[in-house]
Amino acid sequence: MAYSEKVLEHFKNPKNVGTLDKSKKNVGTGLVGAPECGDVMRLQIEVDEETHMIKDAKFKTFGCGSAIASSSLATEWLKGKSIDEAMTIDNMDIVEELALPPVKIHCSVLAEDAIKSAITDYRKKNGIGVPEKQEKASV
Amino acid sequence: MAQRLIYLDNNATTPTDPRVVDTMVPYFYEKHGNAASRNHPFGWEAEEAVDYAREQVAALIDVDPKEIIFTSGATESDNLALKGVFEMYARKGNHIITVKTEHKAVLDSCQRLEKDGAEVTYLEVEANGRIDLAKLEAAIKDSTILISVMWANNETGTIQPMKEIGELCAKHGILFMSDATQAVGKIPVHPKELGIHLMAFTAHKMYGPKGVGALFVNRKSPRVKVTAQMDGGGHERGMRSGTLNVPAIVGFGKAAELAKLEMAEDTRRLSGLRDKLEKSLMAQLEEVYINGDPTNRMPHVTNLSFKHVEGEGLMMTFNQNIALSSGSACTSASLEPSYVLIAMGLGDDLAHSSLRFSLGRFTTEDDIDFTIEAIRKGVNHMRDLSPIWEMYKEGIDLESVQWSEH
């Protein structure tokens with residue numbers, strides 16, 4: 001199967017690979033997927049506690065090229081967004097940007113799950129309530 | 001880096017040896033006759049060529065040329081053997097025993113037969129990929145008519161205990177069939193010595209052309225017959241109708257002749273390169289595992305798992321330069337890893353982390369050196385990206401993690 005140029009670029013030169021200190025109060029961590037399923041994504045955000053703006057984002061992913069590209073793209077998109085804005089990132093935006101084929105849509109779903117899971121973790125740590133409309137990603 | 005392309009997927013198909021191609025060429029135009037045309041020189045010439053090829057193929061596996069039925073390939077041979085025996089021996093029983101790690105041509109044929117009234121036992125394999133003979137014997141019933149066990153596995157190269165299975169079949173008076181697609185032409189395969197009654201194989205895994213294969217059918221004590229699965233002109237002793245693919249059969253014959261001549265040397269050279277590949281990777285990388293039986297296996301194959309690295313992603317690091325297969329079929333929506341590795345009891349995680357390297361006659365030492373370096377870099381790149389590798393290095397027990405299955 002041929003990958004799109006954008007997937008190949010993110011795969012070869014992934015952006016924001018790394019680990020943030022998850023014990024810090026302003027770091028939210030999302031760990032989604034399972035080794036048995038062939039993909040695991042860990043996405044972390046560092047948030048400004050005053051403004052709730054995302055200052056930094058890092059990821060590590062075990063998975064195929066599309067999974068790695070989806071998480072790399074997600075970290076790029078997260079930086080500079082508020083946590084409320086970040087909640088609106090939709091998996092189909094990732095599919096479109098990376099030109100993922102239908103069999104790889106689950107990679108984008110996983111990335112959306114990872115974003116939401118990281119934000120939820122940050123909110124819990126900081127006692128911030130969940131806004132009324134909390135979307136659950138469809139799997 | 002110059003664009004270099006190394007082929008290590010010889011279990012999928014081998015290149016056709018140029019010496020084989022040369023022998024085929026005249027049979028497309030100058031000698032284009034139908035081997036069944038009995039009344040002119042074009043037909044005689046084609047028939048002679050087919051007869052000669054049949055002798056070459058028979059000589060490779062040490063059987064009588066009359067026992068070779070030419071088909072379109074191993075899939076057709078497997079279908080013909082299983083379905084043909086089931087129909088022909090229906091009076092005697094309806095039970096077939098096969099193994100979970102067989103090729104789909106066998107497994108899917110058996111599933112079809114189940115719809116037609118067959119009872120099929122799919123034997124488990126041990127962790128090394130081999131069957132347990134005691135379990136095989138325990139599965140035998142009065143109604144068992146056929147035991148079908150592949151000679152060597154396509155994914156791992158693991159060789160089954162063929163001699164012992166043959167003895168069990170003889171003891172119980174059951175027909176013994178083998179899909180020997182991966183073994184013929186690579187290692188000595190002599191079905192008659194081991195009591196095999198039917199054996200499927202193909203040209204394109206032994207440097208011959210695609211589109212031609214054979215079924216060996218034992219002619220004497222016992223005289224085995226299979227019901228034809230295609231109706232037509234009654235070619236191939238009535239077991240396989242259809243105009244013979246003369247150029248391909250000629251090529252198959254030449255490939256068999258070359259295999260017989262060069263097998264010992266190919267084996268010596270390729271097992272040396274395979275061992276170098278394995279040893280170097282295991283020395284340079286942590287957590288590399290060999291899948292399959294380390295001693296009873298094909299000389300040119302290794303199946304390795306690189307823990308905490310996903311196979312398809314790993315392949316993407318080098319597939320511009322190296323062609324091989326991954327044990328995880330992540331391209332399917334189901335994300336199912338190899339059923340062969342799963343049947344051997346590998347965890348899904350290790351099965352997702354596997355690569356199959358299958359070397360061939362045209363593999364060079366330089367190819368292997370290049371591959372070792374590319375795989376080492378690729379695995380390290382993927383592990384730098386892998387959260388579970390990081391967790392593993394931190395000493396976290398991955399079994400204890402609550403994963404969100406999706």
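This one's a predicted model, so the numbers in the text were calculated from it and none came from an experiment.

Chemist: Tell me what's going on with the overall build of chain A, and back it up with residues and numbers.
Modeler: The secondary structure content of chain A amounts to five helices and three strands. Beginning at the N terminus, the succession of helices and strands in chain A can be written as α-β-β-β-α-α-α-α. For 139 residues, the compact-globule formula gives about 14 Å, and the C-alpha radius of gyration of chain A, at 14 Å, lands near that figure. Reported as C-alpha extents along the three principal axes, the dimensions of chain A are approximately 45 × 30 × 30 Å. Looking at chain A as a whole, 56% of its 139 residues are labelled buried.

Chemist: Got a sec to walk through the sheet that holds strand 9 (residues 288-290) of chain B? Specific residues and values, please.
Modeler: Residue and element names in this part refer to chain B. Reading across from one edge, 9-10-13-12 is the order of the four strands in this open sheet, with antiparallel pairing throughout. Either end of the sheet is taken by a strand with one partner, and the two such strands are strand 9 and strand 12 (325-326). As defined by bridge partners, strand 12 adjoins strand 13 (residues 354-358) across two bridges and the pair is classed as antiparallel. Bridge pairing in strand 13 places Ser 326 opposite Leu 355.

Chemist: Any details on the packing of aromatic side chains? Residues and values, ideally.
Modeler: Residues and elements named next belong to chain B. For the structure on display, the rule yields four aromatic pairs over all chains. With a centroid separation of 5.9 Å and an interplanar angle of 65°, the aromatic rings of Phe 201 and Phe 252 are classed as edge-to-face. Residue Phe 201 is found in strand 7 (residues 198-202), and its partner Phe 252 is found in helix 7 (residues 246-284); the two are separated by 51 residues along the sequence. Across the pair, Phe 252 and Phe 201 agree in class, each one buried.

Chemist: Can you explain the interface of chain A and chain B? Please cite residues and give values.
Modeler: Counting from both sides, the interface comprises 33 residues of chain A and, opposite them, 29 residues of chain B. Buried surface at the junction of chain A and chain B, both sides included, amounts to about 2700 Å², of which 67% is carbon and sulfur. Counting the surface chain A buries against chain B, the share from its top three residues, Phe11(A), Glu36(A) and Phe62(A), is 23%. Counting every contact that joins chain A to chain B gives three salt bridges. Note that Glu390(B) is salt-bridged to Arg42(A), the shortest N-O span being 2.8 Å. Inspection of the chain A/chain B interface yields ten residue pairs in polar contact (both at pLDDT 80 or more). Of all the elements in the fold, those that place two or more residues in the side of chain A that touches chain B are helix 1 (5-12), strand 1 (27-34), strand 2 (39-47), strand 3 (54-62), helix 2 (65-78) and helix 5 (105-125) of chain A. The residue makeup of the side of chain A that touches chain B, split by class, is 20 nonpolar, seven polar and six charged.

Chemist: Can you break down the packing of helix 2 of chain A against helix 5 of chain A residue by residue, with the values?
Modeler: All names here are of chain A. Two elements in contact, helix 2 and helix 5, have axes separated by 9 Å at closest approach and are oriented at 40°. One element, helix 2, and the other, helix 5, form an angle in the oblique class. Note on packing geometry: the crossing formed by helix 2 with helix 5 is right-handed. Of the residues in helix 5, those touching helix 2 at Ser 66, Ala 67, Ser 70, Ala 74 and Leu 78 are Cys 107, Ser 108, Ala 111 and Ile 115. Taken together, the residues of the contact of helix 2 with helix 5 break down into six nonpolar, three polar and no charged.

Chemist: Run through the pairing of strand 6 (residues 175-179) of chain B, naming residues and quoting values.
Modeler: Residue and element names in this part refer to chain B. Judged by how many residues are buried, strand 6 sits mostly within the fold: five of five residues are covered. Taking every second residue as pointing to the same face, both faces of strand 6 are buried, with Leu 175, Met 177 and Asp 179 on one and Phe 176 and Ser 178 on the other. Pairing between strand 5 (residues 144-148) and strand 6: three bridges, direction parallel. Directly across from Ile 147, in strand 6, lies its bridge partner Phe 176. The parallel pair strand 5 and strand 6, bridged by helix 6 (residues 162-172), forms a crossover whose chirality is right-handed.

Chemist: Help me get a handle on the pattern of salt bridges, residues and values and all.
Modeler: Residues and elements named next belong to chain B. All told, the structure shown has 33 salt bridges over all chains when counted by the stated rule. One salt bridge in this structure joins Glu 137 and Lys 171, with 2.7 Å as the shortest N-O distance. Highlighted residues: Glu 137 in helix 5 (residues 133-139) and Lys 171 in helix 6, separated in sequence by 34 residues. Here Asp 266 and Arg 361 are joined by a salt bridge, their closest N and O atoms 3.1 Å apart. Here Arg 361 lies in the loop between strand 13 and helix 11 (365-385) and Asp 266 lies in helix 7, a separation of 95 residues in the sequence. Taken as a pair, Asp 266 and Arg 361 share a single burial class, namely buried. In the salt-bridge network here, residues are joined through shared partners; they are Asp 17, Arg 19, Glu 262, Asp 266 and Arg 361.

Chemist: Describe in detail helix 2 (residues 41-61) of chain B, supporting the description with residues and values.
Modeler: Residues and elements named next belong to chain B. For helix 2, spanning 21 residues, the distance from its first C-alpha to its last is 31 Å, which sits close to the expected 30 Å at 1.5 Å a residue. Within the sequence span of helix 2, burial applies to Gly 43, Ala 46, Ala 49, Val 50, Ala 53, Arg 54, Gln 56, Val 57, Ala 58, Leu 60 and Ile 61. Tucked into the core, helix 2 has its buried residues touching strand 2 (68-71), strand 7, strand 8 (213-217) and helix 7. Where helix 2 ends, the next residue or the one after it, Asp 62, has phi of about 60°, a positive value.

Chemist: Give a description of the pairing of strand 1 of chain A that names residues and reports values.
Modeler: All names here are of chain A. The buried count for strand 1 comes to seven of eight residues, which makes it a mostly enclosed element. In the sheet, strand 1 pairs with strand 2 via eight bridges, with the strands oriented antiparallel. The partner of Gly 33 across the bridge, within strand 2, is Val 40. The antiparallel pairing of strand 1 with strand 2 creates a hairpin that spans four residues between the two strands, and Gly 38 there sits at a positive phi of about 90°.

Chemist: How would you summarise the environment of Thr71(B) if you had to cite specific residues and measurements?
Modeler: Residue and element names in this part refer to chain B. Its place among the elements puts Thr 71 in strand 2. In this structure, the C-alpha to C-alpha distance between Thr 71 and Tyr 29, residues 42 residues apart in sequence, is 22 Å. Ignoring sequence-local partners within four residues, the contact set of Thr 71 consists of Glu 76, Ser 77, Leu 80, Gly 211, Val 212, Gly 213, Ala 214, Leu 215 and Arg 240. Of the polar contacts made by the side chain of Thr 71, one reaches the backbone oxygen of Gly 73; its length is 3.0 Å. Here Ser 77 takes part through its side chain, which lies 2.9 Å from a polar atom of the side chain of Thr 71.

Definitions and limits used
Residues numbered from 1 in each chain as written. Chains lettered and ligands numbered in written order. Predicted model: local features only at pLDDT ≥ 70, side-chain atom pairs only at ≥ 80, totals over all residues. Heavy atoms only, no water. Helix = DSSP H or I, 4+ residues; strand = E, 2+ residues; numbered from the N terminus. Rg over C-alpha atoms; globule rule 2.2 N^0.38 Å. Buried < 20%, exposed > 50% of the residue type's maximum accessible area, 1.4 Å probe, protein only. Pairing = 2+ DSSP bridges. Phe/Tyr/Trp six-rings, centres within 6.5 Å; stacked < 30°, edge-to-face > 60°. Contact = heavy atoms within 4.5 Å. Buried area = accessible area lost by both parts, 1.4 Å probe. Salt bridge = Lys/Arg side-chain N within 4 Å of Asp/Glu carboxyl O. Polar contact = N/O pair within 3.5 Å; in protein donor to acceptor, adjacent residues only side chain to side chain. Nonpolar A, V, L, I, M, F, W, Y, C, P; charged D, E, K, R; others polar. Axes fitted to C-alpha atoms, helices over the stretch in contact; angles between N-to-C directions. Parallel < 35°, antiparallel > 145°, perpendicular 65-115°, else oblique. Left-handed = near helix turned anticlockwise from the far one by under 90°. Right-handed = clockwise from strand over helix to strand, strands pointing away. Expected span 1.5 Å × (residues − 1).

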